[in-house]
Amino acid sequence: MPKINKYVDIDTVEREAKKDLIDRHSPFIHCAATAKAGEPFEVTVKMGNEYTHPDDFDHYIESVTLYNGDVQLAKASYVPGTLGNIKAHNTTTFTIIPTGKKLNLVAHGYCTKHGIWEGTPVEVAVAE
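Under an unreviewed UniProt entry, the protein chain has the name Superoxide reductase-like protein and belongs to Arcobacter acticola.

This is the structure:
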């Protein structure tokens, strides 16, 4: 099993380089707080909040994966140059169909140089 790096609040980190490393590799989930069962629901995952990630041949975000707990819901894969070979926020929007009473959304981003990063989980209430 590969090591999974987890997001920590960068306000608690002193060194700017460490803040940059943590933030630009962490996937942040953006979505509504409630969803309707059986209806399309959009979840956007943005890599980095304050800092952007490179899009170089040997250092880029290769994939973004969305989970509901341990169950993989969706995955998007990228090739170098997708973002135009500049530092930018890789932003991916997934459309899922919620079931059950709630979603426990977790996102992973895979950097070709720094491995797998997990963002802060987001809970979504699902109404019938």
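Enquirer: When you look at a negative patch on the surface in this model, what are you seeing that I'm missing?
Expert: A cluster of acidic residues, D9, D11, E16 and E50, forms a negative patch at the surface. Its location among the elements puts E16 in helix α1 (residues 16-25).

Enquirer: Please clarify how the UniProt feature "domain: Desulfoferrodoxin ferrous iron-binding" (unreviewed entry) in the protein chain should be interpreted in this entry.
Expert: The feature "domain: Desulfoferrodoxin ferrous iron-binding" (unreviewed entry), as given by UniProt, occupies residues 22-119 in the numbering adopted here. Here residues 22-119 is 4% helix and 50% strand, with 10 Å between the C-alpha atoms at its ends.

Enquirer: Can you walk me through unusual backbone geometry in this structure?
Expert: Negative phi is the rule for most residues except glycine; trans is the rule for most peptide bonds. The residue N85 is not glycine, and still its phi comes out positive at about 60°. Take N85: it is sitting in the loop between β6 (71-77) and β7 (91-96).

Enquirer: I keep staring at α1 and nothing clicks. Help me out?
Expert: Helical periodicity: at 3.6 residues per turn, an α-helix aligns residues three or four positions apart in one direction. All of the buried residues in α1 are K19, D20, I22, D23, R24 and H25. Buried positions along α1 lie against β2 (27-30), β4 (41-47), β8 (102-111) and β9 (115-118).

Criteria and cut-off values
Residues numbered from 1 in each chain as written. Predicted model: local features only at pLDDT ≥ 70, side-chain atom pairs only at ≥ 80, totals over all residues. Heavy atoms only, no water. Patch = residues over 30% accessible without salt bridge, like charges linked within 9 Å, V, L, I, M, F, W, Y side chains within 5 Å. Areas by Shrake-Rupley, 256 points an atom, 1.4 Å probe, with all protein chains shown as cover. Salt bridge = Lys/Arg side-chain N within 4 Å of Asp/Glu carboxyl O. Lys, Arg positive; Asp, Glu negative; His and termini not counted. Charge placed at Lys NZ, Arg CZ, Asp CG, Glu CD. Helix = DSSP H or I, 4+ residues; strand = E, 2+ residues; numbered from the N terminus. UniProt positions renumbered as here; feature names shortened; annotations may be inferred. Buried < 20%, exposed > 50% of the residue type's maximum accessible area, 1.4 Å probe, protein only. Contact = heavy atoms within 4.5 Å.

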